[in-house]
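Chain residues, written in single-letter form:
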Amino acid sequence: MPMATHPTETGGTVAVEIDQLEKTYSGGIHALRGINLSIEKGSIFALLGPNGAGKSTTMRTLATLTQATAGTAKVLGFDTSTESSQIRQKIGYVPQTKCSDPYASVRDNLLFQARVYRIRRGERMVRIDQLMSDFGLMDSASCMASQLSGGMRRRLEIAMGIVHKPTLLLLDEPTVGLDPDARLELWDMLTKAVDRDKMTLVFSTHYLDEVDQYASKVAIIDAGRVMAEGSPAELKRCIEGKMYTVELARRSDGDAAMEIIRQIPRVTRALQIGGKLHITGGADHEFSQQLSQLMKSTNIEILSLQVAQASLGDVYTRVTTKAFDPSA
Ligand SMILES: Nc1ncnc2c1ncn2[C@@H]1O[C@H](COP(=O)(O)OP(=O)(O)OP(=O)(O)O)[C@@H](O)[C@H]1O
Ligand SMILES: [Mg+2]
């Protein structure tokens, strides 16, 4: 019988490969409906999406804590459904909810984790001291986790998640509930650790600014599907230049202008609100010229034509509002 060949950790550039991943929970909830994602090694990848989108389910599948119903997910070349032990040694996972022991000290929480990962006695203390220093926990080494502020507790839990120097770190909403300063502090410490230990980081969040600032790529998930994927800049470019606001000199021209606009081939949406027309369409200079010329030719005077700067929030709203199809 031929021996099964296990791929060693992929020499390739891909850390996570998800193909048509589906998950139906026992109650019949279809949480993932065919997720496809490819996450490069060394990148910082964000999962963004509304409540119930499937972010945690995706993370838990990658962490081998839940089994997919269909499709495949590979982590560092290993299959999540058949090679969980190889994966667990190489990843760190910090869930959305508190995971440190509230009645153990900062140091003891880290020690416990170091023992779980069988870090040798001699190395344990050095590693723990380094992490406490990196995550600003040195002065609180003897404090119980329950006595820490929200920000410090989250930092402790992230430190616990990387005690064994994982190749891939999965953080489910690392900054949920933290104030703006605590979020900044956490990200500062986290990005330094990620850089130094050359980790791939996958995190979920509801904060668009975190995605914009720290993620090299983002997938916007809604109702178990990937609605958009790319770098924050790429996603914004998809919309940038496509949101035109046209102000007409005469409000009474509104209906006639709408008729004309609907005939322009690349217009995908047009709304008339007050005296303004909001148009979604082609992103180039040619498109806006076409708009102006058509209006001129019919004697419709344009007072102003603005191209809106898209934010990640625009992309998010655009791709998530129409996503859920209950009949699917
Ligand atoms: N253990 C479970 N059993 C049954 N249904 C579940 C379970 N976990 C999650 N779900 C359901 O699966 C769907 C996706 O949930 P998930 O927690 O993955 O979303 P999420 O994107 O992480 O949301 P949030 O932003 O609120 O954390 C939701 O409808 C949720 O109610
Ligand atoms: Mg979640």
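From a predicted model like this one, the values you see are computed outputs, not experimental measurements.

Asker: Lay out helix H10 (residues 285-297) with the relevant residues and their values.
Answerer: Here H10 spans 18 Å end to end across 13 residues, near enough to the 18 Å set by a 1.5 Å rise per residue. For H10, the set of buried residues is Phe287, Ser288, Leu291 and Met295. Looking down the long axis of H10, one finds its buried residues gathered within 100 degrees of arc, a one-sided arrangement. Facing away from the buried side of H10 by over 90 degrees, the exposed positions are His285, Glu286, Gln293, Lys296 and Ser297. Tucked inside the fold, the buried residues of H10 contact strand E11 (243-248), helix H9 (254-263), strand E13 (276-280) and strand E14 (302-307). Positive backbone phi, at 70 degrees, marks Asn299, one or two positions downstream of H10.

Asker: Now, about the nonpolar core: what can you tell me, with residues and values included?
Answerer: Across soluble globular proteins, nonpolar side chains have a tendency to be buried as a group. With 48 residues, the main nonpolar core has Leu110, Phe135, Leu190, Leu201 and Ile220 as its most contacted residues. The element contributing the most residues to this core is helix H6 (residues 180-196), with 7 residues. Excluding residues that lie within four positions of it along the chain, Leu110 makes contacts with Ile128, Leu131, Met132, Leu156, Ala159, Met160 and Val163. One finds Ile35, Ile87, Ile91 and Tyr93 within the second-largest nonpolar core, a separate group that totals 26 residues.

Asker: So what about the coordination of the magnesium ion (ligand 2)? Which residues, and what values?
Answerer: Protein coordination at the magnesium ion (ligand 2): the donors are Ser56 (OG) and Gln96 (OE1), at 2.0 to 2.1 Å from the metal. Remark: Gln96 occurs in the loop between strand E6 (91-94) and helix H3 (106-116) and Ser56 occurs in helix H1 (residues 55-62); sequence separation between them is 40 residues. Classification of Ser56 as partly exposed rests on a relative accessible area of 23%. Among the residues examined, Gln96 registers a relative accessible area of 34% and is labelled partly exposed.

Calculation rules
Throughout this description, residue numbers start from 1 for each chain and increase along the sequence as written. Chains and ligands are labelled sequentially in the order written, the chains with letters from A and the ligands with numbers from 1. Two thresholds apply to this predicted model, a pLDDT of at least 70 for residue-level local features and 80 or more for giving and counting side-chain atom pairs, whereas whole-chain, interface and lining totals are computed over all residues. Side-chain descriptors were evaluated using all non-hydrogen atoms of the structure, hydrogens and water having been removed beforehand. Every helix listed is a DSSP run of H or I at least four residues long, and every strand listed is a run of E at least two residues long, numbered separately from the N terminus. Expected span, for any helix, means 1.5 Å times one less than how many residues it has. For every residue, the accessible area (1.4 Å probe, protein chains only) is compared with the maximum for its type, and the residue is labelled buried under 20%, exposed over 50%, or partly exposed between those bounds. To be clear, the arc concerns the directions from the helix axis to the C-beta atoms. For this analysis, residues touch if any pair of their heavy atoms sits within 4.5 Å. In these notes, a set of buried Ala, Val, Leu, Ile, Met, Phe, Trp, Tyr and Cys residues joined through side-chain atoms within 4.5 Å is what counts as a nonpolar core. Note that water is not among the atoms considered, so a metal site may appear incomplete; the donors listed are N, O and S atoms within 2.8 Å of the metal, with 3.2 Å applied to Na, K and Ca.

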